[in-house]
Amino acid sequence: DPSLPLLDVRGVTVRFGGITALDGVSFAIARGAITGLIGPNGAGKTTLFNCLSRLYVPTEGSILFEGTPLEQSPAHRIAALGIGRTFQNLALFRTMSVRDNVMVGGHCRTGSGFLANALRLPAVRREEHRLSDQAERLMALLDLQDVAQRPVSDLPFGTAKRVEFARALMSEPKLLLLDEPAGGLNHEEVDGLRQLLRRIQSELRLTILLVEHHMNLVMRVSDQVVALDFGRKIADGTPAEVQAHPDVVRAYLGAE
Ligand code: ATP
């Protein structure tokens, strides 16, 4: 049902012993939107991301992805459901080429077991062809064709980040979770990232949720912004609404 939100977070609470990292957080994100998740250090952003990629199960509440509770799926099925993510620190194979790193992302989704694959080689060859075409398309989209053969260790940080993007996109996610994509990027690279996010949103019709401390990027690229503070949702709306919200101003300025 395309009118349903792609993701529906309902009353999610996460406790670690005595610490309440998330406290009854609810919000929904529409298909095709870019949503920014903001909040000061310790607000609960990473904890929420870890629930969305099913590394944690909420203590209370539920997360519906296309209407189905995530808690019902095991963690290793998350990519197959259509949720992809990148990490705060690059998680690439540094000595491998850009192309090989990107190809690894395609095998996350299909993983039907080595033996099963060996028994139907023609189908596997077709699948490899399809993945390799897709890798070429994504490398072109992310402007990586010229460095496809180079090892990741040769690349500037901003370029390596695009490799991580391409790899996450290989599993054809419906929802892409980006953990601080602007972290460590210079001013020009952040500008390039903003254009890139818009490009992949429109060309791949992707829904994106990003955790980001770079306010200028979040406010310029997002359709919707959700703000957390001390585990609670304090604002949810358009960038202009959230930026002007008194609780958000207070959370960031640390005023009484
Ligand atoms: P930052 O912007 O610094 O990354 P954040 O918004 O991502 O912060 P979280 O990392 O989600 O915040 O942390 C929320 C709260 O939960 C913090 O008080 C943190 O100490 C606590 N917390 C997070 N993970 C755990 C854990 N595995 N065990 C115990 N406490 C945790």
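The shown structure was predicted, so the numbers you read here are calculated from the model rather than taken from an experiment.

Enquirer: Give me the lowdown on the site of the ligand, citing residues and values where you can.
Expert: Close contacts around the ligand come from 13 residues, with Gly42, Gly44, Lys45, Thr46 and Thr47 the closest. In this structure, an oxygen atom belonging to the ligand sits 2.6 Å away from a side-chain N or O atom of Thr46. A distance of 2.6 Å separates an oxygen atom of the ligand from a polar atom in the side chain of Thr47. Coverage of the ligand by the protein chains reaches 64% of its 630 Å² of free accessible surface. Breaking the shell around the ligand down by element, the ones donating at least two residues are β2 (19-29) and α1 (45-52). With three residues, the single largest contributor to the shell around the ligand is α1.

Enquirer: How would you explain the side chain of Ser97 if you had to name every residue and give the values?
Expert: If you trace the backbone, Ser97 turns up in the loop between β6 (83-85) and α3 (98-110). Ignoring sequence-local partners within four residues, the contact set of Ser97 consists of Ala148, Gln149, Arg150 and Pro151.

Enquirer: Pulling in residues and values, what's your account of the pattern of salt bridges?
Expert: One pass over the full model with this rule turns up 13 salt bridges. A salt bridge links Asp23 to Arg232; its shortest N-O distance comes to 3.0 Å. One end of the pair, Asp23, is in strand β2; the other, Arg232, is in strand β10 (residues 232-237), with 209 residues separating them in the sequence. Since its relative accessible area comes to 27%, Asp23 is described here as partly exposed. Put simply, Arg31 and Glu66 hold a salt bridge, and the shortest N to O gap is 3.3 Å. Here Arg31 is found in the loop between β2 and β3 (34-38), whereas its partner Glu66 is found in the loop between β4 (60-65) and β5 (68-69), with 35 residues between them in sequence. Since its relative accessible area comes to 37%, Arg31 is described here as partly exposed. Taking the relative accessible area as the measure of exposure, Glu66 reaches 31% and is therefore partly exposed.

Enquirer: Describe the sheet that holds β5, and please don't skip the residues or the numbers.
Expert: Across the sheet, four strands lie side by side as β2-β1-β4-β5; this open sheet has antiparallel pairing. The two strands at the open ends of the sheet, each matched to only one other strand, are β2 and β5. Inspection of the sheet shows strand β1 (residues 7-16) paired to β4 by five bridges, in the antiparallel sense. By the bridge assignment for β4, Val9 is matched with Ile63.

What counts, and at which threshold
Residues numbered from 1 in each chain as written. Predicted model: local features only at pLDDT ≥ 70, side-chain atom pairs only at ≥ 80, totals over all residues. Heavy atoms only, no water. Near = heavy atom within 4 Å. Polar contact = N/O pair within 3.5 Å; in protein donor to acceptor, adjacent residues only side chain to side chain. Areas by Shrake-Rupley, 256 points an atom, 1.4 Å probe, with all protein chains shown as cover. Helix = DSSP H or I, 4+ residues; strand = E, 2+ residues; numbered from the N terminus. Contact = heavy atoms within 4.5 Å. Salt bridge = Lys/Arg side-chain N within 4 Å of Asp/Glu carboxyl O. Buried < 20%, exposed > 50% of the residue type's maximum accessible area, 1.4 Å probe, protein only. Pairing = 2+ DSSP bridges.

Everything listed is a geometric property; what it means functionally is a separate question.
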